[in-house]
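# A closer look at the structure
Below, each chain spelled out in residue letters.
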Amino acid sequence: MKEIFVQLPGQDRSYRILLEAGLRFRLDDYLTQVCPNPRVWVVSDALVARLYGSGTVALLKNRGIQASLLTVPRGEKSKSWPVLSRLVCQLLEQGADRQSLLVALGGGVIGDLTGFLASIFMRGIPFVQVPTTLLAMVDAAIGGKTAINLPAGKNLIGTFHQPRLVLIDPEFLLTLPARERRNGLAEVIKAGFIHDLDLLEMLSGPGQTLWRDRQLRNRGLLAEIIGRAVAIKARVVAEDEKEGDRRRILNFGHTVGHALEKASGFKIKHGEAVAMGMAAALDFSVELTGLSPAEASQGKELLRSQGLPLRPPSLSREEVLGALQMDKKRQADHLVFILLRRLGEAVIYPKAPLTMISDWLRA
Ligand code: ADP
Ligand code: ZN
(Lines give C-alpha, C1' and ligand atoms only; values in the text may rest on other atoms or scores of the structure.)
(Ligands and ions follow the chains in the order given, each with its own letter.)
Protein backbone atom coordinates (compact mmCIF):
# COMPACT_ATOMS: atom_id res chain seq x y z
CA MET A 1 0.00 0.00 0.00
CA LYS A 2 1.18 3.51 -0.79
CA GLU A 3 0.90 5.98 2.03
CA ILE A 4 1.39 9.72 1.68
CA PHE A 5 1.37 11.91 4.72
CA VAL A 6 0.06 15.47 4.44
CA GLN A 7 1.65 17.45 7.24
CA LEU A 8 -0.09 20.72 8.03
CA PRO A 9 0.55 23.13 10.89
CA GLY A 10 -1.94 23.00 13.76
CA GLN A 11 -3.64 20.35 15.82
CA ASP A 12 -5.55 17.47 14.26
CA ARG A 13 -4.94 18.68 10.75
CA SER A 14 -2.38 16.31 9.34
CA TYR A 15 -3.78 13.31 7.53
CA ARG A 16 -2.88 10.26 5.52
CA ILE A 17 -3.63 9.50 1.90
CA LEU A 18 -3.82 5.73 1.41
CA LEU A 19 -3.69 4.16 -2.03
CA GLU A 20 -4.25 0.52 -2.91
CA ALA A 21 -6.50 -1.60 -5.11
CA GLY A 22 -9.35 -3.02 -3.04
CA LEU A 23 -9.01 -0.51 -0.19
CA ARG A 24 -12.75 0.21 -0.34
CA PHE A 25 -13.32 -3.14 1.34
CA ARG A 26 -11.29 -2.01 4.35
CA LEU A 27 -12.92 1.38 4.84
CA ASP A 28 -14.32 0.24 8.19
CA ASP A 29 -10.81 -0.33 9.60
CA TYR A 30 -9.53 3.05 8.56
CA LEU A 31 -12.62 4.99 9.65
CA THR A 32 -12.39 3.59 13.15
CA GLN A 33 -8.71 4.53 13.22
CA VAL A 34 -9.39 8.21 12.57
CA CYS A 35 -12.63 8.32 14.54
CA PRO A 36 -13.34 5.72 17.20
CA ASN A 37 -17.03 4.79 17.45
CA PRO A 38 -18.17 6.94 14.58
CA ARG A 39 -21.78 7.49 13.49
CA VAL A 40 -21.30 7.74 9.74
CA TRP A 41 -23.16 9.39 6.89
CA VAL A 42 -21.96 8.47 3.41
CA VAL A 43 -22.72 11.14 0.80
CA SER A 44 -22.86 10.12 -2.90
CA ASP A 45 -24.48 11.07 -6.16
CA ALA A 46 -27.23 8.88 -7.58
CA LEU A 47 -24.97 6.86 -9.89
CA VAL A 48 -22.12 6.27 -7.45
CA ALA A 49 -24.68 5.41 -4.77
CA ARG A 50 -26.14 2.77 -7.05
CA LEU A 51 -22.72 1.31 -7.89
CA TYR A 52 -21.00 1.49 -4.51
CA GLY A 53 -23.28 3.12 -1.93
CA SER A 54 -25.16 0.20 -0.44
CA GLY A 55 -22.03 -1.97 -0.44
CA THR A 56 -20.18 0.68 1.53
CA VAL A 57 -22.96 1.15 4.06
CA ALA A 58 -23.37 -2.64 4.45
CA LEU A 59 -19.63 -3.02 5.04
CA LEU A 60 -19.75 -0.47 7.85
CA LYS A 61 -22.89 -1.93 9.40
CA ASN A 62 -21.37 -5.42 9.41
CA ARG A 63 -18.64 -4.00 11.53
CA GLY A 64 -21.19 -2.60 13.98
CA ILE A 65 -20.77 0.98 12.77
CA GLN A 66 -23.99 2.98 12.46
CA ALA A 67 -24.08 4.19 8.89
CA SER A 68 -26.56 5.74 6.46
CA LEU A 69 -26.47 6.91 2.88
CA LEU A 70 -27.40 10.40 1.65
CA THR A 71 -27.86 10.78 -2.09
CA VAL A 72 -27.87 13.87 -4.30
CA PRO A 73 -28.47 14.20 -8.06
CA ARG A 74 -25.51 13.74 -10.40
CA GLY A 75 -23.60 16.67 -11.75
CA GLU A 76 -22.32 20.10 -10.94
CA LYS A 77 -25.80 21.45 -10.15
CA SER A 78 -25.69 19.61 -6.83
CA LYS A 79 -23.02 22.03 -5.60
CA SER A 80 -25.78 24.44 -4.63
CA TRP A 81 -27.54 26.03 -1.62
CA PRO A 82 -30.76 24.03 -2.05
CA VAL A 83 -28.95 20.68 -2.09
CA LEU A 84 -26.73 21.75 0.79
CA SER A 85 -29.63 22.84 2.96
CA ARG A 86 -31.51 19.65 2.18
CA LEU A 87 -28.48 17.65 3.38
CA VAL A 88 -28.29 19.71 6.57
CA CYS A 89 -31.98 19.00 7.26
CA GLN A 90 -31.54 15.29 6.61
CA LEU A 91 -28.55 15.13 8.95
CA LEU A 92 -30.54 16.86 11.70
CA GLU A 93 -33.62 14.70 11.18
CA GLN A 94 -31.48 11.60 11.38
CA GLY A 95 -29.81 12.69 14.58
CA ALA A 96 -26.36 13.74 13.44
CA ASP A 97 -24.31 15.69 15.95
CA ARG A 98 -20.80 17.01 16.49
CA GLN A 99 -19.45 13.48 16.85
CA SER A 100 -20.75 12.41 13.44
CA LEU A 101 -18.47 11.64 10.53
CA LEU A 102 -19.17 12.28 6.85
CA VAL A 103 -17.73 10.17 4.06
CA ALA A 104 -17.58 11.76 0.59
CA LEU A 105 -17.97 8.81 -1.79
CA GLY A 106 -17.85 10.14 -5.34
CA GLY A 107 -16.16 12.50 -7.75
CA GLY A 108 -15.08 16.10 -7.30
CA VAL A 109 -18.64 17.34 -7.02
CA ILE A 110 -19.34 15.09 -4.03
CA GLY A 111 -15.98 15.89 -2.43
CA ASP A 112 -16.49 19.65 -2.68
CA LEU A 113 -20.09 19.52 -1.48
CA THR A 114 -19.50 17.07 1.37
CA GLY A 115 -16.37 18.90 2.50
CA PHE A 116 -18.31 22.16 2.62
CA LEU A 117 -21.17 20.51 4.49
CA ALA A 118 -18.71 19.02 7.00
CA SER A 119 -17.03 22.38 7.49
CA ILE A 120 -20.22 24.22 8.45
CA PHE A 121 -22.42 21.57 10.10
CA MET A 122 -22.46 22.40 13.83
CA ARG A 123 -19.39 24.58 13.23
CA GLY A 124 -17.50 21.74 11.64
CA ILE A 125 -17.39 17.96 11.85
CA PRO A 126 -14.77 15.55 10.51
CA PHE A 127 -14.97 14.02 7.05
CA VAL A 128 -13.16 11.45 4.96
CA GLN A 129 -12.62 11.52 1.21
CA VAL A 130 -13.19 8.37 -0.83
CA PRO A 131 -12.74 9.64 -4.40
CA THR A 132 -14.22 7.53 -7.19
CA THR A 133 -13.12 9.51 -10.27
CA LEU A 134 -9.55 9.91 -11.46
CA LEU A 135 -9.92 13.69 -11.28
CA ALA A 136 -10.97 13.54 -7.64
CA MET A 137 -8.23 11.01 -6.75
CA VAL A 138 -5.35 13.07 -8.06
CA ASP A 139 -6.72 16.55 -7.53
CA ALA A 140 -10.05 17.49 -5.95
CA ALA A 141 -9.89 15.21 -2.90
CA ILE A 142 -6.50 16.53 -1.81
CA GLY A 143 -5.85 19.96 -0.42
CA GLY A 144 -8.88 20.73 1.68
CA LYS A 145 -10.68 23.10 -0.66
CA THR A 146 -14.46 22.84 -0.46
CA ALA A 147 -17.10 24.80 -2.34
CA ILE A 148 -20.52 25.23 -3.85
CA ASN A 149 -21.47 27.27 -6.90
CA LEU A 150 -23.59 30.37 -7.28
CA PRO A 151 -25.45 31.56 -10.37
CA ALA A 152 -22.69 34.16 -10.69
CA GLY A 153 -19.92 31.57 -10.93
CA LYS A 154 -18.38 28.32 -9.83
CA ASN A 155 -16.89 27.73 -6.38
CA LEU A 156 -17.75 31.23 -5.16
CA ILE A 157 -18.65 30.04 -1.66
CA GLY A 158 -16.37 27.66 0.15
CA THR A 159 -13.97 26.90 2.94
CA PHE A 160 -10.68 25.23 3.65
CA HIS A 161 -11.50 22.08 5.60
CA GLN A 162 -9.00 19.23 5.61
CA PRO A 163 -10.24 15.64 5.50
CA ARG A 164 -9.19 13.23 8.26
CA LEU A 165 -8.19 10.67 5.67
CA VAL A 166 -8.17 10.19 1.91
CA LEU A 167 -8.70 6.61 0.81
CA ILE A 168 -7.93 5.93 -2.85
CA ASP A 169 -8.98 2.64 -4.43
CA PRO A 170 -8.01 2.64 -8.13
CA GLU A 171 -10.53 -0.15 -8.78
CA PHE A 172 -13.30 2.47 -8.69
CA LEU A 173 -11.97 3.52 -12.09
CA LEU A 174 -13.10 0.23 -13.67
CA THR A 175 -16.61 1.60 -13.98
CA LEU A 176 -15.60 5.14 -14.92
CA PRO A 177 -16.46 6.06 -18.55
CA ALA A 178 -13.56 6.82 -20.92
CA ARG A 179 -14.38 10.53 -21.15
CA GLU A 180 -14.26 10.83 -17.36
CA ARG A 181 -10.95 8.96 -17.29
CA ARG A 182 -9.48 11.42 -19.80
CA ASN A 183 -10.84 14.28 -17.74
CA GLY A 184 -8.70 13.17 -14.81
CA LEU A 185 -5.78 12.21 -16.97
CA ALA A 186 -5.27 15.87 -17.88
CA GLU A 187 -4.52 16.62 -14.21
CA VAL A 188 -2.17 13.64 -14.02
CA ILE A 189 -0.25 14.93 -17.02
CA LYS A 190 -0.24 18.39 -15.45
CA ALA A 191 1.45 16.98 -12.35
CA GLY A 192 4.14 15.53 -14.59
CA PHE A 193 4.62 18.77 -16.53
CA ILE A 194 5.11 20.87 -13.43
CA HIS A 195 7.13 18.51 -11.30
CA ASP A 196 7.83 14.99 -12.49
CA LEU A 197 9.63 14.09 -15.69
CA ASP A 198 9.58 10.38 -14.77
CA LEU A 199 5.80 10.49 -14.60
CA LEU A 200 5.69 11.98 -18.10
CA GLU A 201 7.94 9.19 -19.36
CA MET A 202 5.72 6.59 -17.73
CA LEU A 203 2.66 8.11 -19.34
CA SER A 204 4.13 8.31 -22.82
CA GLY A 205 5.76 4.87 -22.56
CA PRO A 206 4.01 1.98 -20.84
CA GLY A 207 1.18 4.22 -19.64
CA GLN A 208 0.02 4.99 -23.18
CA THR A 209 -2.23 2.00 -23.54
CA LEU A 210 -3.07 1.60 -19.85
CA TRP A 211 -6.16 3.80 -19.93
CA ARG A 212 -7.57 2.31 -23.10
CA ASP A 213 -7.77 -1.08 -21.41
CA ARG A 214 -11.27 -1.17 -19.89
CA GLN A 215 -10.06 -3.70 -17.33
CA LEU A 216 -7.07 -1.53 -16.35
CA ARG A 217 -5.06 -4.74 -16.07
CA ASN A 218 -1.71 -3.19 -15.28
CA ARG A 219 -2.63 -2.41 -11.67
CA GLY A 220 0.94 -1.85 -10.55
CA LEU A 221 1.52 0.86 -13.12
CA LEU A 222 -1.91 2.36 -12.45
CA ALA A 223 -1.13 2.73 -8.74
CA GLU A 224 2.34 4.10 -9.50
CA ILE A 225 0.95 6.78 -11.84
CA ILE A 226 -1.86 7.83 -9.50
CA GLY A 227 0.51 7.79 -6.53
CA ARG A 228 2.99 10.10 -8.24
CA ALA A 229 0.32 12.63 -9.18
CA VAL A 230 -1.13 12.50 -5.66
CA ALA A 231 2.29 12.97 -4.09
CA ILE A 232 2.93 16.12 -6.12
CA LYS A 233 -0.38 17.68 -5.18
CA ALA A 234 0.07 16.69 -1.53
CA ARG A 235 3.56 18.14 -1.38
CA VAL A 236 2.63 21.46 -2.96
CA VAL A 237 -0.44 21.80 -0.76
CA ALA A 238 1.52 21.02 2.41
CA GLU A 239 4.07 23.68 1.51
CA ASP A 240 1.39 26.22 0.80
CA GLU A 241 -2.07 25.46 2.13
CA LYS A 242 -3.90 28.61 1.14
CA GLU A 243 -2.85 29.59 -2.33
CA GLY A 244 0.23 31.65 -1.82
CA ASP A 245 2.79 31.57 -4.58
CA ARG A 246 3.84 27.97 -4.43
CA ARG A 247 0.37 26.49 -4.80
CA ARG A 248 -0.08 28.51 -7.95
CA ILE A 249 2.02 26.08 -9.98
CA LEU A 250 -0.95 23.70 -9.75
CA ASN A 251 -2.72 26.19 -12.00
CA PHE A 252 -0.59 25.22 -14.97
CA GLY A 253 -2.93 25.20 -18.00
CA HIS A 254 -5.77 26.56 -15.89
CA THR A 255 -5.75 30.26 -16.82
CA VAL A 256 -6.65 29.61 -20.44
CA GLY A 257 -8.46 26.41 -19.41
CA HIS A 258 -10.91 28.17 -17.10
CA ALA A 259 -11.59 30.83 -19.73
CA LEU A 260 -12.36 28.16 -22.35
CA GLU A 261 -14.63 26.26 -19.96
CA LYS A 262 -16.52 29.41 -19.17
CA ALA A 263 -16.80 30.63 -22.75
CA SER A 264 -18.21 27.24 -23.76
CA GLY A 265 -20.91 27.52 -21.11
CA PHE A 266 -19.18 24.56 -19.37
CA LYS A 267 -19.83 22.21 -22.29
CA ILE A 268 -16.09 21.60 -22.46
CA LYS A 269 -15.10 19.42 -19.53
CA HIS A 270 -12.54 20.69 -17.04
CA GLY A 271 -9.82 18.23 -18.07
CA GLU A 272 -10.30 18.94 -21.77
CA ALA A 273 -10.13 22.67 -21.16
CA VAL A 274 -7.00 22.24 -19.04
CA ALA A 275 -5.42 20.10 -21.78
CA MET A 276 -5.94 22.94 -24.29
CA GLY A 277 -4.71 25.43 -21.72
CA MET A 278 -1.56 23.34 -21.23
CA ALA A 279 -1.00 23.13 -24.99
CA ALA A 280 -1.16 26.93 -25.08
CA ALA A 281 1.12 27.24 -22.06
CA LEU A 282 3.68 24.95 -23.72
CA ASP A 283 3.77 27.31 -26.72
CA PHE A 284 4.04 30.37 -24.49
CA SER A 285 6.86 28.68 -22.56
CA VAL A 286 8.89 28.42 -25.75
CA GLU A 287 8.53 32.16 -26.23
CA LEU A 288 8.94 33.32 -22.64
CA THR A 289 10.78 30.84 -20.46
CA GLY A 290 13.13 29.00 -22.77
CA LEU A 291 11.34 25.66 -23.11
CA SER A 292 12.76 24.00 -26.22
CA PRO A 293 10.41 23.62 -29.19
CA ALA A 294 11.17 19.88 -29.13
CA GLU A 295 9.97 19.61 -25.51
CA ALA A 296 6.83 21.60 -26.31
CA SER A 297 6.04 19.21 -29.19
CA GLN A 298 6.72 16.22 -26.97
CA GLY A 299 4.31 17.61 -24.38
CA LYS A 300 1.60 18.22 -26.92
CA GLU A 301 2.10 14.78 -28.43
CA LEU A 302 1.58 13.25 -25.00
CA LEU A 303 -1.73 15.08 -24.60
CA ARG A 304 -2.80 14.10 -28.10
CA SER A 305 -1.85 10.46 -27.65
CA GLN A 306 -4.04 10.28 -24.55
CA GLY A 307 -7.03 11.49 -26.54
CA LEU A 308 -7.03 15.02 -25.16
CA PRO A 309 -7.74 18.06 -27.36
CA LEU A 310 -5.03 20.65 -28.10
CA ARG A 311 -7.10 23.38 -29.73
CA PRO A 312 -10.48 24.76 -28.75
CA PRO A 313 -13.47 24.22 -31.01
CA SER A 314 -14.78 27.39 -32.56
CA LEU A 315 -15.51 29.54 -29.55
CA SER A 316 -16.04 33.24 -29.71
CA ARG A 317 -12.65 34.83 -29.21
CA GLU A 318 -14.31 37.80 -27.51
CA GLU A 319 -15.96 35.54 -24.97
CA VAL A 320 -12.74 33.71 -24.15
CA LEU A 321 -10.91 37.02 -23.77
CA GLY A 322 -13.81 38.36 -21.73
CA ALA A 323 -13.52 35.40 -19.36
CA LEU A 324 -9.77 35.99 -19.10
CA GLN A 325 -10.34 39.64 -18.21
CA MET A 326 -12.19 38.43 -15.14
CA ASP A 327 -9.25 36.28 -14.03
CA LYS A 328 -8.47 37.04 -10.40
CA LYS A 329 -4.76 37.12 -11.12
CA ARG A 330 -4.96 39.69 -13.89
CA GLN A 331 -3.27 43.08 -13.78
CA ALA A 332 -4.12 45.56 -16.56
CA ASP A 333 -3.11 43.87 -19.82
CA HIS A 334 -0.93 41.24 -18.20
CA LEU A 335 -1.61 37.94 -16.52
CA VAL A 336 0.26 35.84 -14.02
CA PHE A 337 0.99 32.68 -15.92
CA ILE A 338 2.43 29.33 -14.95
CA LEU A 339 4.97 28.29 -17.56
CA LEU A 340 7.66 25.64 -17.90
CA ARG A 341 11.39 26.11 -17.98
CA ARG A 342 11.68 22.51 -19.04
CA LEU A 343 9.39 19.48 -18.86
CA GLY A 344 9.02 18.72 -15.15
CA GLU A 345 9.86 22.24 -13.95
CA ALA A 346 7.27 25.00 -13.59
CA VAL A 347 7.93 28.70 -13.07
CA ILE A 348 5.62 31.54 -12.14
CA TYR A 349 5.75 34.13 -14.89
CA PRO A 350 4.25 37.33 -13.53
CA LYS A 351 3.66 39.32 -16.69
CA ALA A 352 2.42 37.33 -19.66
CA PRO A 353 0.87 39.73 -22.18
CA LEU A 354 -2.82 39.19 -22.95
CA THR A 355 -2.05 39.77 -26.64
CA MET A 356 -0.14 36.49 -26.68
CA ILE A 357 -3.32 34.66 -25.75
CA SER A 358 -5.47 36.47 -28.26
CA ASP A 359 -2.91 35.61 -30.95
CA TRP A 360 -3.03 31.97 -29.84
CA LEU A 361 -6.82 31.97 -30.11
CA ARG A 362 -6.58 33.43 -33.59
CA ALA A 363 -3.91 31.01 -34.85
P1 ADP B 1 -15.38 15.15 -11.26
O2 ADP B 1 -14.76 14.16 -10.35
O3 ADP B 1 -14.97 14.98 -12.66
O4 ADP B 1 -15.22 16.54 -10.75
P5 ADP B 1 -18.22 14.37 -10.79
O6 ADP B 1 -18.19 14.25 -9.33
O7 ADP B 1 -19.36 15.14 -11.36
O8 ADP B 1 -16.94 15.02 -11.40
O9 ADP B 1 -18.21 12.94 -11.44
C10 ADP B 1 -18.35 12.79 -12.82
C11 ADP B 1 -19.40 11.75 -13.18
O12 ADP B 1 -18.86 10.45 -12.99
C13 ADP B 1 -20.65 11.81 -12.36
O14 ADP B 1 -21.75 11.68 -13.22
C15 ADP B 1 -20.58 10.58 -11.44
O16 ADP B 1 -21.86 10.05 -11.17
C17 ADP B 1 -19.75 9.64 -12.25
N18 ADP B 1 -18.91 8.73 -11.47
C19 ADP B 1 -18.15 9.04 -10.40
N20 ADP B 1 -17.41 8.00 -10.01
C21 ADP B 1 -17.73 6.98 -10.84
C22 ADP B 1 -17.30 5.63 -10.96
N23 ADP B 1 -16.35 5.13 -10.16
N24 ADP B 1 -17.84 4.87 -11.93
C25 ADP B 1 -18.77 5.39 -12.78
N26 ADP B 1 -19.19 6.66 -12.73
C27 ADP B 1 -18.69 7.45 -11.77
ZN1 ZN C 1 -7.98 21.44 -12.46
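All values reported here derive from a predicted model rather than from experimental measurement.

This part is about the overall build of the protein. Helix and strand counts for the protein stand at 14 helices and twelve strands. Relative to the globule expectation of 21 Å for 363 residues, the C-alpha radius of gyration of the protein, 20 Å, shows essentially globular dimensions. If you line up the protein on its principal axes, its C-alpha atoms span 60 × 45 × 40 Å. Within the protein, the proportion of its 363 residues that are buried is 56%. Of all intrachain contacts in the protein linking residues separated by at least 6 positions in sequence, the fraction that spans at least 24 positions is 71%. Total accessible area computed for the protein in this model is approximately 15,300 Å², and 52% of it derives from carbon and sulfur atoms. The distance from the centre of the 47 positive side-chain charges to the centre of the 37 negative ones in the protein is 4 Å.

Let's shift gears to the site of ligand 1. Taken together, 17 residues surround ligand 1, and among them Asp45, Gly108, Thr132, Thr133 and Thr175 come closest. Contacts to ligand 1 include Arg74, whose side-chain N or O atom sits 3.0 Å from an oxygen atom. Contact distances for ligand 1 include 2.9 Å between a nitrogen atom and a backbone N or O atom of Phe172. Protein contact buries 90% of the 560 Å² of open area that ligand 1 shows by itself. When contributions to the shell around ligand 1 are tallied by element, the ones reaching two or more residues are helix 2 (46–62), helix 4 (108–120) and helix 6 (178–195). Looking at the shell around ligand 1, the element that brings in the most residues is helix 2, giving four residues. For the shell around ligand 1, the per-class residue count stands at eight nonpolar, six polar and three charged.

Taken as a whole, the protein is organised into domain 1 (2–175) and domain 2 (178–362). Computed over C-alpha atoms, the centres of domain 1 and domain 2 are 26 Å apart. The partner domain 2 presents 31 residues to the 25 residues of domain 1 that form the contact. Roughly 2,400 Å² of surface becomes buried between domain 1 and domain 2 when both sides are summed, with 69% attributable to carbon and sulfur atoms. A per-residue breakdown of the area domain 1 buries against domain 2 is headed by Leu134, Val138 and Leu174, which together make up 24% of the total. The tally of links between domain 1 and domain 2 comes to four salt bridges.

So, on to the sheet that holds strand 4 (residues 66–72). On the basis of which strands lie adjacent, the open sheet formed by seven strands has the order 1-2-9-6-5-3-4 and mixed pairing. Sheet topology places strand 1 (2–6) and strand 4 at the edges, where each strand pairs with a single neighbour. Strand-to-strand twist of the sheet, defined as the mean angle between neighbouring strand axes without regard to direction, takes the value 20°. Together, strand 2 (15–19), strand 3 (39–45), strand 5 (100–106), strand 6 (127–131) and strand 9 (165–168) form the strand contacts of helix 1 (residues 27–34), whose direction differs from that of strand 9 by roughly 170°. Relative to strand 4, helix 3 (residues 81–93) is tilted by about 155°, and along the sheet it contacts strand 3, strand 4 and strand 5.

Before going further, it helps to examine the pairing of strand 9. Residues Leu165 and Leu167 point to one face of strand 9 and Val166 and Ile168 to the other, with burial holding for every one of them. Relative to strand 9, strand 2 runs parallel, the two being bridged by four bridges. Across the sheet, residue Arg16 finds its bridge partner in strand 9, namely Leu165. Where strand 6 lies against strand 9, two bridges are found, and the strand directions are parallel. Its bridge partner being in strand 9, Gln129 is matched across the sheet by Val166.

This next bit is on the coordination of the zinc ion (ligand 2). Glu187 (OE), His254 (NE2) and His270 (NE2) make up the full set of protein donors to the zinc ion (ligand 2), lying at 1.9 to 2.1 Å. Sequence positions of the residues that donate to the zinc ion (ligand 2) give the spacing E-x66-H-x15-H. One end of the pair, Glu187, is in helix 6; the other, His270, is in helix 11 (residues 270–288), and 83 residues separate them in sequence. On the basis of relative accessibility, which here comes to 19%, the residue His270 falls in the buried class.

Okay, the environment of Cys35 next. Locating Cys35 in the fold gives a position in the loop between helix 1 and strand 3. Given a relative accessible area of 11%, Cys35 falls into the buried group. As a C-alpha pair, Cys35 and Leu101 span 66 residues in sequence and 7.8 Å in three-dimensional space.

Glancing now at the packing of helix 7 (residues 197–204) against helix 9 (residues 219–239). Look at helix 7 against helix 9: their axes get within 10 Å of each other, and the N-to-C directions meet at 145°. Helix 9 is crossed by helix 7, and the crossing has left-handed handedness. On helix 9, the residues that touch Asp198, Leu199, Met202 and Leu203 of helix 7 are Leu221, Glu224, Ile225, Arg228 and Ala229. For the contact of helix 7 with helix 9, the residue count by class is six nonpolar, no polar and three charged.

Parameters at a glance
- Residues numbered from 1 in each chain as written.
- Chains lettered and ligands numbered in written order.
- Predicted model: local features only at pLDDT ≥ 70, side-chain atom pairs only at ≥ 80, totals over all residues.
- Heavy atoms only, no water.
- Helix = DSSP H or I, 4+ residues; strand = E, 2+ residues; numbered from the N terminus.
- Rg over C-alpha atoms; globule rule 2.2 N^0.38 Å.
- Buried < 20%, exposed > 50% of the residue type's maximum accessible area, 1.4 Å probe, protein only.
- Contact = heavy atoms within 4.5 Å.
- Areas by Shrake-Rupley, 256 points an atom, 1.4 Å probe, with all protein chains shown as cover.
- Lys, Arg positive; Asp, Glu negative; His and termini not counted.
- Charge placed at Lys NZ, Arg CZ, Asp CG, Glu CD.
- Near = heavy atom within 4 Å.
- Polar contact = N/O pair within 3.5 Å; in protein donor to acceptor, adjacent residues only side chain to side chain.
- Nonpolar A, V, L, I, M, F, W, Y, C, P; charged D, E, K, R; others polar.
- Domains from an automatic or database assignment.
- Buried area = accessible area lost by both parts, 1.4 Å probe.
- Salt bridge = Lys/Arg side-chain N within 4 Å of Asp/Glu carboxyl O.
- Pairing = 2+ DSSP bridges.
- Axes fitted to C-alpha atoms, helices over the stretch in contact; angles between N-to-C directions.
- Donors = N, O, S within 2.8 Å, 3.2 Å for Na, K, Ca; no water.
- Left-handed = near helix turned anticlockwise from the far one by under 90°.

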